[in-house]
Every structure is written in structure tokens, then in C-alpha cells.
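Residue strings, one per chain:
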Amino acid sequence: PLPTSSPRSSPNILITGTPGTGKTTAAGMVADAAGLELVTVGDLIKQRNLHDGYNEEFDTYWLNEDKVVDEMEEMMAGGGMCIDFHTCGFFPERWFDLVVVLRAGTQQVYDRLKSRGYKQNKIEENLDCEIMQVVADEARESYKAEIIMELTSNTIEDMEDNVEKIVAFVNGFRSSHK
Ligand code: ADP
Ligand code: MN
């Protein structure tokens, strides 16, 4: 039998990485420049209560992966989505045409999370996460190597280059999926 799922004409993109690597900034720029619909998963979780309560120790919500996937399934079906979240292994592999992992240096992550007012233990947890390449490893375990783009996000120039690369991917995808 032929595959029943119709191919997307516009790609779904995931922008992932440790908090402070620049996901939300990049995702907003990409969504604007490429005409994708932006979903900041952290905000969606809060707005629609897709969590298992508040984690006092780390000032964050306990993630309920099933609730998040169920809530997002319909929005992903048509393509053209730009998804921003700091973890990536629980999303269905079939959702994404491109998985961008943003990487930043220890000093950059530290300064960005400090100025966001994160508590010391939360900063350290995230620094360890970035140093240990947790998100990059998770992406490699969860998605085909061909769709993963690992990009450095230390400077404004990096950010602009990254946005340009991602937008170029979107345009290339669209012209080959007409
Ligand atoms: P995330 O969503 O991954 O936590 P944000 O996009 O919120 O990261 O970025 C955190 C802070 O760092 C913001 O103040 C943002 O302007 C800044 N920032 C992000 N990426 C870069 C970059 N490549 N160069 C300089 N500043 C950046
Ligand atoms: Mn963010």
C-alpha cells in the first residue's frame, strides 16, 4: 500500500537546546522571516495546564509529555510550524523535518540565565546540561542525523547566520515539496 500521510508542503521545525542558548529569540526570527507559526512550548504548557504541578526546587513545571504531545498533534499535522522547547526526545519523530540544536559557551549560558534571575541551582543544572551536551545527545538518539543541525549561538552574528540557514532550509523544502 502507498503511504497514507500526505507530504507536508511546508516543514515543521524544532528549535531545541539548553535554556539560555537562544531558542526563543531564534525561533521568533525564523517564524517571522519564513512565515511559520511559532509555538513556544513552555508557554503552551502554562497556558493550557499541560503539566503535573510546580517543581519548587527548580522553579519550573513538571513536564507531562503525553499531555503536551496530545495537545500539539493537531497543530503539527498541517506543517509550517516552528517549535521552541528545551527538550526534544519525547516528540514523535515523524513531526519534524528539521531539528536545530543551539549550542552556547558556558559563560554565555551563565550570563544569560543570571540576568534572567534564575536561582543558582537552576543555573548550575543548566550549565551542566550544556557542558554534557544533553540536548544534542538526546536529539541524536531521537532523530535521524540528516535532519539535525547543530548551531553555535554565542554572538549576535551567530544568531543572524543561524536564522539565515534555517530560513534557507525552509525555502528549499517548500520549493521541493510543491
Ligand atoms: P532560550 O529561549 O534558549 O532560553 P533566549 O532566546 O531567551 O534563550 O535568549 C536568552 C538571552 O540571550 C536573551 O536575552 C537573548 O537576547 C540572548 N541571546 C540569545 N542568543 C544570543 C546570541 N546568539 N548572541 C547574543 N545574545 C543572545
Ligand atoms: Mn526560551
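Note that the structure is predicted; figures quoted are calculated from it, not measured. (Residues numbered from 1 in each chain as written. Chains lettered and ligands numbered in written order. Predicted model: local features only at pLDDT ≥ 70, side-chain atom pairs only at ≥ 80, totals over all residues. Heavy atoms only, no water.)

**Q** Any chance you could break down the overall build of the protein chain for me, citing the residues and the numbers?
**A** Summing up its helical and strand segments, the protein chain has seven helices and seven strands in all. From first element to last, N terminus to C terminus, the protein chain shows the α and β order β-α-β-α-β-β-α-β-β-α-α-α-β-α. Taking 2.2 N^0.38 as the reference for a compact globule, 178 residues should give roughly 16 Å; the C-alpha atoms of the protein chain span a radius of gyration of 16 Å, in line with that estimate. With respect to the principal axes defined by its C-alpha atoms, the protein chain has extents near 55 × 40 × 30 Å. (Helix = DSSP H or I, 4+ residues; strand = E, 2+ residues; numbered from the N terminus. Rg over C-alpha atoms; globule rule 2.2 N^0.38 Å.)

**Q** With reference to specific residues and values, describe the packing of aromatic side chains.
**A** Considering all chains together, one arrives at nine aromatic pairs under this definition. A centroid spacing of 6.3 Å and a plane angle of 65° characterise the contact between Phe-85 and Phe-91, whose relative ring orientation is edge-to-face. Both residues of the pair, Phe-85 and Phe-91, count as buried. With centroids separated by 5.7 Å and ring planes inclined at 75°, the aromatic side chains of Phe-91 and Phe-96 adopt a geometry described as edge-to-face. For Phe-96, a relative accessible area of 5% translates into the label buried. Taken together through their ring pairs, the aromatic side chains of Phe-85, Phe-90, Phe-91, Trp-95, Phe-96 and Tyr-143 make up a single cluster. Over the ring of Tyr-118 we find Lys-122, and its NZ or CZ is 4.1 Å from the ring centre. (Phe/Tyr/Trp six-rings, centres within 6.5 Å; stacked < 30°, edge-to-face > 60°. Buried < 20%, exposed > 50% of the residue type's maximum accessible area, 1.4 Å probe, protein only. Lys NZ or Arg CZ within 6 Å of the ring centre and 35° of its normal.)

**Q** An account of the side chain of Asp-158 is requested, with residue identities and associated values reported.
**A** Note on placement: Asp-158 falls in helix 7 (residues 156-176). Ignoring sequence-local partners within four residues, the contact set of Asp-158 consists of Thr-152 and Ser-153. (Contact = heavy atoms within 4.5 Å.)

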